[in-house]
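If you want the building blocks of each chain, they are given just below.
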Amino acid sequence: MAHYLIFLGSTRTSTPPAPARLSERVAKACLQLLNAQRDTTAEIIDPLSLDLSGPFKPHFAYSASTVPDDLDALAMKIDQADGYVMVSPEYNHAMSPALSHLLNHFGASLFAFKPSAIVTYSMGQWGGTRAAVNMRSFLSELGCLPVSAMTHIPKAHEALDSDGQFRAEQERWEGYFGRTLAQLIWWANAAKAHKAKQDPISLSPAINQTPSQRDAP
Ligand SMILES: Cc1cc2nc3c(=O)[nH]c(=O)nc-3n(C[C@H](O)[C@H](O)[C@H](O)COP(=O)(O)O)c2cc1C
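Here is what the cut-offs are and how they apply
Residues numbered from 1 in each chain as written. Predicted model: local features only at pLDDT ≥ 70, side-chain atom pairs only at ≥ 80, totals over all residues. Heavy atoms only, no water. Core = buried A, V, L, I, M, F, W, Y, C linked by side-chain atoms within 4.5 Å. Buried < 20%, exposed > 50% of the residue type's maximum accessible area, 1.4 Å probe, protein only. Helix = DSSP H or I, 4+ residues; strand = E, 2+ residues; numbered from the N terminus. Contact = heavy atoms within 4.5 Å. Pairing = 2+ DSSP bridges. Near = heavy atom within 4 Å. Polar contact = N/O pair within 3.5 Å; in protein donor to acceptor, adjacent residues only side chain to side chain. Areas by Shrake-Rupley, 256 points an atom, 1.4 Å probe, with all protein chains shown as cover.

Enquirer: Even after reading the chapter, I still don't get the nonpolar core, so can you show me in this structure?
Expert: Among soluble globular proteins, nonpolar side chains are generally buried collectively. Judged by nonpolar contacts, the single largest core of 29 residues is most densely connected at V85 and I153. Those elements that place two or more of their residues in this core are strand 1 (2-8), helix 1 (22-35), strand 3 (83-91), strand 5 (114-121), helix 6 (156-159) and helix 7 (170-197). Sort the elements by how many residues they give to this core and helix 1 lands first, with seven residues. Sequence-distant contacts of I153, defined by excluding residues within four places in its chain, comprise V26, V119, T120, Y121, S122, G127, A159, L160, W173 and F177.

Enquirer: Mind showing me how you'd approach the pairing of strand 3 here?
Expert: Most of strand 3 sits inside the fold, with eight of its nine residues counted as buried. Looking at chain direction, strand 1 and strand 3 are connected through five bridges and run parallel. Among the inter-strand pairings, Y4 is bridged to a residue of strand 3, identified as G83. Note that strand 3 and strand 5 share six bridges and pair parallel. Residue S88 lies in a different strand from strand 5, and its bridge partner there is T120. Relative to strand 4 (residues 94-95), strand 3 runs antiparallel, the two sharing two bridges. The partner of E90 across the bridge, within strand 4, is M95. Between strand 3 and strand 4, which pair antiparallel and follow one another directly, the connecting turn spans two residues, one of which, N92, has a positive phi of 50°.

Enquirer: Would you explain the site of the ligand in this entry?
Expert: Taken together, 15 residues are adjacent to the ligand, and S10, R12, L22, N92 and Y121 come closest. A distance of 2.5 Å separates an oxygen atom of the ligand from a polar atom in the side chain of Y121. Contact between the ligand and S122: an oxygen atom at 3.5 Å from a side-chain N or O atom of the residue. Out of a free accessible area of 620 Å², the ligand has 78% covered by protein chains. Those elements that place two or more of their residues in the shell around the ligand are helix 1 and strand 3. The leading source of residues in the shell around the ligand is strand 3, at three residues.

Enquirer: Looking at this structure, how should I read the environment of V67?
Expert: Residue placement: V67 occurs in the loop between strand 2 (40-45) and helix 2 (69-80). With relative accessibility at 11%, the residue V67 sits in the buried group. Expressed as a C-alpha distance, the spacing of V67 and E141, which sit 74 residues apart in the sequence, is 24 Å. Excluding anything up to four places from it in sequence, V67 contacts H59, Y62 and D72.

Here is the structure:
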């Protein structure tokens, strides 16, 4: 059994543009499609469920006794998950600041040696493709390597209803999503099986003392 976290990339409660948080529809669609797979479970991680206001302080900057419970619980979920789906709108041709802010709270070692899938959307015709391009480098740096197939949903407010159901051409949408999710699941299963044989962290230890641990001599 492999477990996936679907990161919902919006905290936008304002309208216009209406409807707010199209991300909910896209994340629900991903949840339904992943849960329909064999030996697969998934859950949505909603940045609105965490209080991320105030000065930025990542999970790893707290001492064990002071780390907020919800931040710590999410760190454990990230650590235990087998793969990730990153759902992002396009804001000014870039990935969602709500999503990058949430992810920046956690050290790369929690995500490392696991795959991720990029799913973007927009109300316009490009489906968040420009955001997706910079998500590749962001997610690679985080250690959860993005699979090559990506899913982009133009006019997501028309394509999906509020329950995350496709309003038309369901089979084609499922096939389109299916390619990305199949790659995610394949890599997640492969990484999980190989991890049982060889601990990757022992070969490539976490960088958790100083950024200069990355430096060339
Ligand atoms: C600040 C801001 C910037 C945006 N920039 C883009 C953009 O560059 N490209 C695009 O296609 N849509 C853009 N949009 C439209 C969003 O893709 C659309 O509002 C989408 O519904 C946002 O996702 P959300 O509803 O889950 O927050 C932008 C919206 C906002 C609020």
